[in-house]
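The lines below spell out each chain.
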Amino acid sequence: TLSKQIPQMLLPHSVLIDYALSCRLSQKEHVKLDFLCVGFTKCGTTALHRTLKKHPSIFLPAGKETLYANWRHKYEDSPQRLKDLYFSSISPGQKVGDIEPTYFKRARMVYECFGPDVKLIFMLRNPVNATYSYFKMMIRRTLNDQQINYYRKYHHYCPEMFADYLNDMIYSNKDTRFQYDKWIQEYLKFFPIEQMTFVFLEDLIHNPDQTMTEIQEFIGLDSICHYQLPQVNKGDFVSRNYYCARINRKLLFLLRKLKQKRISHYTLHLFYTFRKLIRTVTYIKNDDTLSETYRLELSDFYQPSIIHLEQLIDRNLQNICH
């Protein structure tokens with residue numbers, strides 16, 4: 001029964017049956033997913049989305065990331081809204097999936113909405129490189145006040161921002177997204193490891209055919225020609241200055257609002273065109289690379305997490321993470 005699949009330590013015994021029933025009802029309301037990529041940020045999920053979307057037997061929403069977790073509780077009809085906005089054109093026989101790298105911290109939600117049988121893809125990467133790439137993305141998008149304050153402090157992008165970011169978020173453990181073992185363990189409370197596959201961006205880059213074949217076989221499909229993996233979301237731009245950072249933040253939040261509204265694809269396309277035009281003014285090219293000093297610091301910091309990850313997924317990561 002469903003109640004037997006809920007980890008006993010997570011809930012009091014008296015509410016297990018009610019929780020199981022609520023999960024079953026929720027799962028019936030939501031779109032039935034065959035697979036879901038749940039993480040991790042800046043680990044190649046955009047390239048994976050664009051490549052899998054070329055397979056005729058796979059259905060993915062047109063745009064990566066529905067951001068459903070952000071608006072799930074805002075609407076009474078959110079499950080139907082999700083179907084209408086992103087899953088309304090599934091063809092018979094297609095494997096239905098989604099790519100949501102921010103779901104790495106949503107194990108319980110994934111279980112409650114999409115059930116115990118969904119196959120889970122984890123995209124990973126050397127956490128040192130992922131940390132720096134994520135920092136550059138955040139400085140470009142200025143998602144929260146922290147990045148805005150960096151621009152207020154330094155006026156424009158500079159390397160000192162990264163030192164502040166490491167102290168504020170990484171070394172303080174306020175943001176543990178690249179301590180992969182922690183989040184995979186959360187998923188293991190709800191799903192067996194046999195329903196998971198762990199794909200490293202480094203493997204995807206160096207051996208794309210074999211890696212994509214393994215992913216498609218995991219989904220339950222025959223492999224097709226993979227084409228050339230697209231180079232997307234490289235992160236070689238940052239906001240030009242404090243004022244541009246604020247503009248980019250406004251655009252980001254406007255996009256998030258649009259993603260939960262019943263608007264036409266044409267309207268969304270107009271927004272993307274407008275945003276692209278604005279970015280020609282608010283973005284500036286930046287090709288800074290991670291210094292060796294920070295690389296060594298971060299390698300030492302992530303070492304315990306990497307060792308535990310090797311044990312969890314039963315793989316030696318010497319060539320990738322050390």
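In the block above lies the structure referred to throughout.
A brief report on the enclosed structure follows. Fair warning: this is a prediction, and the values are worked out from it, not measured in the lab.

A tally of regular secondary structure across the protein chain gives 16 helices and seven strands. For 322 residues, the compact-globule formula gives about 20 Å, and the C-alpha radius of gyration of the protein chain, at 20 Å, lands near that figure. Over its C-alpha atoms, taken along the principal directions, the protein chain stretches across nearly 55 × 45 × 45 Å. Relative to its full complement of 322 residues, the protein chain shows a buried share of 52%. Within the protein chain, counting contacts between residues at least 6 apart in sequence, those at least 24 apart form 78% of the total. Total accessible area on the protein chain stands at roughly 16,200 Å², and carbon and sulfur atoms take up 53% of it. Computed over 44 positive and 33 negative side-chain charges, the inter-centroid distance for the protein chain is 9 Å.

Moving on: the side chain of Asp175. Following the sequence through the fold, Asp175 ends up in the loop between helix H9 (160–170) and helix H10 (180–188). In this structure the side chain of Asp175 is engaged in a polar contact, spanning 2.9 Å, whose partner is the side chain of Arg177. Leave out the neighbours within four places in its chain, and Asp175 touches Tyr134, Tyr165, Met169 and Ile170.

In this section: helix H15 (residues 292–313). Because the α-helix completes a turn every 3.6 residues, residues three or four places apart line up on one side. At Gln303, H15 shows its maximal kink, close to 45°; a proline, Pro304, follows between one and four residues later. Among all positions in H15, only Leu298, Tyr302, Ser305, Ile306, Leu309, Glu310, Leu312 and Ile313 are buried. Tucked into the core, H15 has its buried residues touching strand E4 (119–124), helix H7 (127–141), H9, H10, strand E5 (196–200) and helix H16 (318–321). Asp314 occupies a position one or two residues after H15 and carries a positive phi of about 55°.

For the rest of this paragraph, the subject is the sheet that holds strand E3 (residues 95–99). Pairing is parallel across the open sheet formed by five strands, whose spatial order is E2-E3-E1-E4-E5. The open sheet has two edge strands with one neighbour each: strand E2 (58–59) and E5. Strand direction decides the pairing type here: strand E1 (residues 35–39) and E4, joined by four bridges, are parallel. Bridging from a neighbouring strand, Gly39 pairs with Phe122 of E4.

The rules we used
Residues take numbers from 1 onward in each chain, read along the sequence in its written order. Local features in this predicted model are restricted to residues of pLDDT 70 or higher, and side-chain atom pairs are both shown and tallied only at a pLDDT of 80 or more, whereas totals for entire chains, interfaces and linings draw on every residue. Side-chain measures were taken over the full set of non-hydrogen atoms in the model, leaving aside hydrogen atoms and water. Here a strand is any run of E in DSSP of at least two residues, a helix any run of H or I of at least four, and the numbering for each starts at the N terminus. Radius of gyration: over C-alpha atoms. The globule rule applied is 2.2 Å multiplied by the number of residues raised to the 0.38 power. Each residue's exposure class comes from its accessible area (1.4 Å probe, protein chains only) as a fraction of the maximum for that residue type: buried when under 20%, exposed when over 50%, partly exposed otherwise. Any two residues having at least one pair of non-hydrogen atoms within 4.5 Å are treated as being in contact. The method behind every accessible area is Shrake-Rupley, applied with a 1.4 Å probe, and residues are considered shielded solely by the protein chains displayed. Note on charges: Lys and Arg go in the positive column, Asp and Glu in the negative column, and His and the chain ends are not counted at all. Positions of charges follow a simple convention, taking NZ of Lys, CZ of Arg, CG of Asp or CD of Glu. What qualifies as a polar contact is a pair of N or O atoms within 3.5 Å, subject to a donor-acceptor requirement within protein and to the restriction that residues adjacent in sequence count only when both atoms come from side chains. Bend angle per residue: angle between axes fitted to the 7 residues ending at that residue and the 7 residues starting there. For two strands to count as paired, DSSP must find a minimum of two bridges between them.

Just geometry here; none of it tells us what the structure is for.
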